[in-house]
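Overview (structure and organization)
Residues per chain are reported as follows:
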Amino acid sequence: MMRVIEIFYSLQGEGMLTGVPSVFVRLAGCPFRCRWCDTAYAWDYSAGEELDPAAIVERTGQWACRFVVLTGGEPLIGLDGAVRPGFVDLTGCLKALGKHVTIETSGNLFVPDLTCDLLSISPKLGHATSPAFHQTPGCDPETLCRLIAAYPYQLKFVIESPQNINEVRGLLRQLPSVDPDCVLLMPQAGTREELRAKATMVAELCKEAGFRFCDRLHIGLWDTLRGR
Ligand code: SF4
């Protein structure tokens, strides 16, 4: 059983599949507290409704849509720090129905046996650290190496200032042969206004470093509205 905050139909807002109509399954709970997190309502592991994998799969079927995004919170990590019970089964059930499965994760836990078409990893840079919370997500190069060796992936970095590119480069130097085409930089923004203010700075960094620019389509279209 897993606790589910919301299941909704929208367009993928970030990454290589930006603009693709997708069903989003937002699971409850995250062990981290990123300073600028835009889904703080999904931090609590006891929030939402308890559903088993079959019920989640059934609800995703209400839309005739092949693309499913498992997100959170941190969908991979359960309350005890291990993989969320039922999660691996959920990915297998979705794939058995022919779904394209994207999993969003901070990249802090290696989980074998996932059935996953795209592991969307967003390693957290130093600026994610909240002064009021001591458990930072951080970046564990060893875990990232295992994840990118095991699954089709993209690496999405949230960028707040031009200096952040040094941290990105430092991390990438610790990983073997990452395809620059799989590295995306996206502006740190919770509102349409913030997105506009930082987009040009991030675009210039992408040009300089040879990484992809990652828009945040959902913020541009719907600003701070949930479930869109
Ligand atoms: S890991 Fe993701 S869900 Fe958790 S606090 Fe950070 S941004 Fe929010």
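To be clear, the structure that these remarks concern was listed above.
This write-up is about the structure you can find in this document.

Conventions adopted
- Residues numbered from 1 in each chain as written.
- Predicted model: local features only at pLDDT ≥ 70, side-chain atom pairs only at ≥ 80, totals over all residues.
- Heavy atoms only, no water.
- Helix = DSSP H or I, 4+ residues; strand = E, 2+ residues; numbered from the N terminus.
- Rg over C-alpha atoms; globule rule 2.2 N^0.38 Å.
- Buried < 20%, exposed > 50% of the residue type's maximum accessible area, 1.4 Å probe, protein only.
- Contact = heavy atoms within 4.5 Å.
- Areas by Shrake-Rupley, 256 points an atom, 1.4 Å probe, with all protein chains shown as cover.
- Near = heavy atom within 4 Å.
- Nonpolar A, V, L, I, M, F, W, Y, C, P; charged D, E, K, R; others polar.
- Pairing = 2+ DSSP bridges.
- Axes fitted to C-alpha atoms, helices over the stretch in contact; angles between N-to-C directions.
- Phe/Tyr/Trp six-rings, centres within 6.5 Å; stacked < 30°, edge-to-face > 60°.
- Polar contact = N/O pair within 3.5 Å; in protein donor to acceptor, adjacent residues only side chain to side chain.
- Salt bridge = Lys/Arg side-chain N within 4 Å of Asp/Glu carboxyl O.

As for the overall build of the protein chain
Helices and strands together make up the secondary structure of the protein chain, namely six helices and nine strands. Relative to its length of 228 residues, the protein chain is compact, with a C-alpha radius of gyration of 17 Å against a globular reference of 17 Å. Summarising its shape, the C-alpha atoms of the protein chain cover approximately 45 × 35 × 35 Å along the three principal directions. Each of the 228 residues in the protein chain was classed as buried or not, and the buried ones make up 50%. Excluding contacts between residues fewer than 6 apart, the proportion of contacts in the protein chain whose partners are at least 24 apart in sequence is 72%. In the structure as shown, the protein chain presents an accessible area of about 10100 Å², 52% of it carried by carbon and sulfur atoms.

What to know about the site of the ligand
In the vicinity of the ligand, the residues found are C30, F32, R33, C34, C37, T39, W43, G73 and K124. Taken together, the residues that form the shell around the ligand break down as five nonpolar, two polar and two charged.

Some details on the sheet that holds strand β7 (residues 153-159)
With mixed pairing, the nine strands of this open sheet are ordered in space as β3-β1-β2-β4-β5-β6-β7-β8-β9. Lying at the two open borders of the sheet, with one neighbouring strand each, are β3 (49-51) and β9 (212-213). When β7 meets strand β8 (residues 183-187), the two strands line up parallel, connected through five bridges. Of the residues in β8, the one forming a bridge with K156 is L184. Against the sheet, helix α5 (residues 192-209) contacts β7, β8 and β9, and its axis sits at roughly 150 degrees relative to β8.

A word on the packing of aromatic side chains
Enumeration according to the criterion identifies two aromatic pairs in this entry. Their ring planes at 10 degrees and their centres at 5.1 Å tell us that F8 and F24 sit as a pair that is stacked. You can see F8 sitting in strand β1 (residues 2-11) and its partner F24 sitting in strand β2 (residues 21-27), a full 16 residues away along the chain. The same class applies to F8 as to F24, namely buried. When the centroid spacing of 6.0 Å and the interplanar angle of 20 degrees are considered together, the rings of Y9 and W63 count as stacked.

Looking at the environment of R216
One can find R216 in the loop between β9 and α6 (217-222). The exposure class of R216 is buried, given its relative accessible area of 7%. When the C-alpha positions of R216 and E14 are compared, they lie 5.2 Å apart, and in sequence the two are 202 residues distant. Dropping the residues within four chain positions of it, R216 is found in contact with G13, E14, D38, M186, P187, Q188, A189 and L195. A distance of 2.9 Å separates a polar atom in the side chain of R216 from the backbone oxygen of P187.

Things to note about the pattern of salt bridges
The full count for this structure, using the stated rule, is eleven salt bridges. Of the charged contacts in the structure, one is a salt bridge between R216 and D38, with a shortest N-O distance of 3.5 Å. Of this pair, R216 sits in the loop between β9 and α6 while D38 sits in the loop between β2 and β3, and the two are 178 residues apart along the sequence. For E104, the salt bridge identified is with K156, shortest N-O distance 3.0 Å. Highlighted residues: E104 in strand β5 (residues 100-105) and K156 in strand β7, separated in sequence by 52 residues.

Any link to function would need more than the numbers given here.
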